Amino acid sequence: MCEGVTVPTAHADTESANRRALTPEEITVTDPKVTRRAIGAAAIGNVTEWFDFGVFANLTPVLTAVFFTGASETVGTIGTLGLFAVAFLVRPLGGMFFGPLGDRIGRTKVLSLTVIMMAIGTFIIAFIPGYETWGPAAPLLMLLARLVQGFSTGGEYGGAMTFIAEYAPDKKRGFLGSWLEFGTLTGYLLGGVAGLVIQLPGVMSHDDLLSWGWRIPFLISGPIGIIGLYLRLKLEDTPAFQAVVAESEGREGNQTLKEIRKIFVKYWRPMLICMGLVLVFNVVNYMLTTYMLEYIGKFAPSVSATWAQLLEIAVLALGMVLITFVGRLSDRIGRKPVMYFGCAMLVALGVPSVLLIQQNTLLSVFLGLVLMSLMLLCFNSTVPSTLPALFPTEIRYGGLSIAFNISVSLFGGTTAFFNALLVEGTGDINVPGYYLMAAGAIGAVACWFAAESAGRPLPGSAPAVESKEEARELARSTQR
């Protein structure tokens, strides 16, 4: 039994819970202290994952010089972005492996495994020799490390969303879920700062940077992963999962293939909705956090690489300040209005945000990045609470992990790679703006078909509140 949590002996799906009278014992009461610990334990995985991404994005020119020595600037950059993107190819496999496993043995156990795998995958990058030492084997080893990261991440994000959503009371799920993406922004910002500091003039020579300096940020991931593992091992599983376990005792275990088939056959509609929302969320995410530094370097050359990194760090910090307020707003007015507004911004302001960057001044580049940050804010504040509500408890981790990672593999992690190719191939430097517009249109369609989940119990779970008084009041309201 979770400390400070009342787990109902039986639970109904959302619709039946809304139709019939409930007793206080059928309502989950969560301890705010336990919920806060659960959020911290889940968010630390995102810090670990995105610290690596932040370092990778900010060190792209350095990694290109280390692992693609002698290649042209364009070929080397595309090769480095390809190494970034290729990890996403195995994310669906990670989702198919870890997701159903998390539905079977528990969220906490699987999330403990994924966070340490992610940390190891990042940590070993620090020890890979460069191209001048090992030749083609060097980028191949980097590829192997990125595959380890991608496989573990396939089970990380969907599980972290599930973990927070199942611990959060219904009325605060948007606010509490937004802290998961606060962890994302924290990790990316810290990675960006680490990547920036080692490249500052006077910190070390260029030769030292290429030889050993670039390895320092990757070494930091080890301690972060250990902290994440400690926090996760200290928590018991979510009350929703415990209730499912109590009801399913005696059922046959280890049916991963059957579970995956059930997810695709029975829950294809929420899978498609999930993939559409993930597409728009992650296209904006990776456009801002991964591709824009490269884009600014080419098409706003008067803004130095150092200033570009500082501006990106600034807009990420702005997102950190605002994200939980927008998450709380979604609890009050609904998730869908916030996401619709984000889609409208993408369609209307996708190209203008890119045109601002092309004006080649510090202010215009900053304003262009701020626009993209505000677009992203509409999704990273709401998606962590929206997606878990698409699936019932018994297949939530699996369904969410598989749909999320298929979409992010196809459309999110490849954003930087494909934009670089399209800009180079077409000669049209407005391609990123068109890309954002298309993502906004697809996101609006997915949002149209998604049900509003703000303030409502998760499917397959009992209503969740913060106190016994709230439970009694809710029970009385259903009996009237």
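These figures come from a predicted structure and were not determined experimentally. (Residues numbered from 1 in each chain as written. Predicted model: local features only at pLDDT ≥ 70, side-chain atom pairs only at ≥ 80, totals over all residues. Heavy atoms only, no water.)

1. A word on the overall build of the chain
Summing up its helical and strand segments, the chain has 22 helices and two strands in all. Since a compact globule built from 480 residues should have a radius of gyration of about 23 Å, the 22 Å found for the chain is in line with a globular shape. Along the first, second and third principal axes, the C-alpha atoms of the chain reach 70 × 45 × 40 Å. The buried share among the 480 residues of the chain stands at 60%. By sequence separation, contacts in the chain at least 24 residues apart represent 86% of the contacts at least 6 residues apart. Per element, the accessible surface of the chain, about 18,500 Å² overall, is 67% carbon and sulfur. (Helix = DSSP H or I, 4+ residues; strand = E, 2+ residues; numbered from the N terminus. Rg over C-alpha atoms; globule rule 2.2 N^0.38 Å. Buried < 20%, exposed > 50% of the residue type's maximum accessible area, 1.4 Å probe, protein only. Contact = heavy atoms within 4.5 Å. Areas by Shrake-Rupley, 256 points an atom, 1.4 Å probe, with all protein chains shown as cover.)

2. A word on the packing of aromatic side chains
In total, this model carries 15 aromatic pairs according to the counting rule given. Site record: aromatic cluster; members linked through ring pairs are Trp50, Tyr188 and Tyr286. We note Arg328 situated over the ring of Phe175; from NZ or CZ to the ring centre the distance is 4.0 Å. (Phe/Tyr/Trp six-rings, centres within 6.5 Å; stacked < 30°, edge-to-face > 60°. Lys NZ or Arg CZ within 6 Å of the ring centre and 35° of its normal.)

3. As for the pattern of salt bridges
Applying the stated rule across the entire model yields eleven salt bridges. Two residues, Arg173 and Asp170, come together in a salt bridge whose shortest N-O distance is 2.7 Å. Assigned by exposure class, Arg173 and Asp170 land together as buried. (Salt bridge = Lys/Arg side-chain N within 4 Å of Asp/Glu carboxyl O.)

4. Observations concerning the confidence of the model for the chain
Here the chain shows a mean pLDDT of 86. Residues at 70 or above account for 94%. Under a pLDDT of 50 for its full length, residues 1–18 has, in the predicted model, 52 contacts with residues more than four places off or in other chains. (pLDDT = per-residue confidence, 0-100.)

5. Topic: the packing of helix α6 (residues 107–125) against helix α11 (residues 216–233)
The interhelical angle for the contact between α6 and α11, taken along N-to-C directions, is 170°, at an axis separation of 7 Å. As the angle between them shows, α6 and α11 are arranged roughly antiparallel. Contacts between α6 and α11 pair Thr108, Leu111, Ser112, Thr114, Val115, Ile116, Ala119, Thr122, Phe123 and Ile125 from the former with Phe218, Leu219, Ser221, Gly222, Gly225, Gly228, Leu229, Arg232 and Leu233 from the latter. (Axes fitted to C-alpha atoms, helices over the stretch in contact; angles between N-to-C directions. Parallel < 35°, antiparallel > 145°, perpendicular 65-115°, else oblique.)

6. Remarks on the nonpolar core
Grouped together as the largest cluster of nonpolar side chains are 124 residues, with contacts concentrated most on Trp214, Ile357, Leu369, Phe379 and Leu387. Counting residues per element, this core draws most heavily on helix α14 (residues 268–299), at 19 residues. In contact with Phe379, other than residues within four places in its own chain, are Val280, Phe281, Met339, Gly342, Cys343, Leu346 and Pro384. Listed in part, the six residues of the second largest apolar core include Leu22, Ile27, Val29 and Val465. (Core = buried A, V, L, I, M, F, W, Y, C linked by side-chain atoms within 4.5 Å.)

7. Some words on a nonpolar patch on the surface
Together, Ile120, Phe123, Ile124, Phe127 and Leu219 line one region of the surface with nonpolar side chains, adding up to about 440 Å² of accessible area. Per-element tally for the nonpolar patch: the top contributor is α6, with three residues. (Patch = residues over 30% accessible without salt bridge, like charges linked within 9 Å, V, L, I, M, F, W, Y side chains within 5 Å.)

8. A look at unusual backbone geometry
The backbone of Asn360 shows a phi angle near 70°, a positive value even though the residue is not glycine. As for its placement among the helices and strands, Asn360 is situated in the loop between α16 (335–358) and α17 (362–380). The exposure class assigned to Asn360 is partly exposed, which follows from its relative accessible area of 24%.

9. Things to note about the environment of Gly368
Inspection of the secondary structure assignment puts Gly368 in helix α17. Exposure remark for Gly368: the relative accessible area of 0% places this residue in the buried category. For the pair formed by Gly368 and Trp214, sequence separation is 154 residues and the distance between their alpha carbons is 29 Å. Among all residues touching Gly368, those that are not within four sequence positions of it are Ser353, Leu356 and Ile357.

10. Things to note about helix α8 (residues 137–167)
Given a rise of 1.5 Å per residue, 31 residues ought to cover 45 Å, and the 45 Å separating the end C-alpha atoms of α8 matches this to within 8%. Along α8, the largest kink reaches about 35° and is centred on Thr153. Burial of α8 is extensive: 23 of the 31 residues sit out of reach of the surface. (Expected span 1.5 Å × (residues − 1). Bend = angle between axes of the 7 residues up to and from the residue.)

11. Observations concerning helix α3 (residues 60–67)
α3 sits mainly inside the fold: six of its eight residues count as buried. Elements that come into contact with the buried residues of α3 comprise α2 (32–58), α4 (73–86), α7 (131–134), α8, α10 (206–211) and α14.

12. Some words on the side chain of Gln149
By the secondary structure assignment, Gln149 is in helix α8. Its relative accessible area of 4% is what places Gln149 among the buried residues.

13. Structural notes on the packing of α14 against helix α21 (residues 431–449)
Viewed as axis vectors pointing N to C, α14 and α21 meet at an angle of 155°, and their least axial separation amounts to 8 Å. With respect to their mutual orientation, α14 and α21 come out roughly antiparallel. Here α14 runs over α21; the crossing is left-handed. Contacts between α14 and α21 involve Arg269, Ile273, Gly276, Leu277, Leu279, Val280, Val283, Val284, Met287, Tyr291, Met292 and Tyr295 from the former and Pro432, Tyr435, Leu436, Ala439, Gly440, Ile442, Gly443, Ala446, Cys447 and Phe449 from the latter. Taken together, the residues that form the contact of α14 with α21 break down as 18 nonpolar, three polar and one charged. (Left-handed = near helix turned anticlockwise from the far one by under 90°. Nonpolar A, V, L, I, M, F, W, Y, C, P; charged D, E, K, R; others polar.)

14. Some remarks on the state of the cysteines
Chemically, a disulfide is nothing more than a covalent bond linking the sulfur atoms of two cysteines. According to the stated counting rule, one finds zero disulfides in the structure shown. We note that Cys274 lacks a disulfide partner, and the nearest cysteine sulfur, in Cys447, lies 13 Å from it. Here Cys447 is not cross-linked by a disulfide; its sulfur's nearest cysteine counterpart is in Cys343, at 6.0 Å. Cys447 gets classed as buried once you look at its relative accessible area, which sits at 0%. (Disulfide = S-S within 2.5 Å.)

15. Structural notes on the environment of Arg37
Along the polypeptide, Arg37 turns up in helix α2. A residue is classified by how much of its surface remains accessible, and Arg37, at 39% relative accessible area, is partly exposed.

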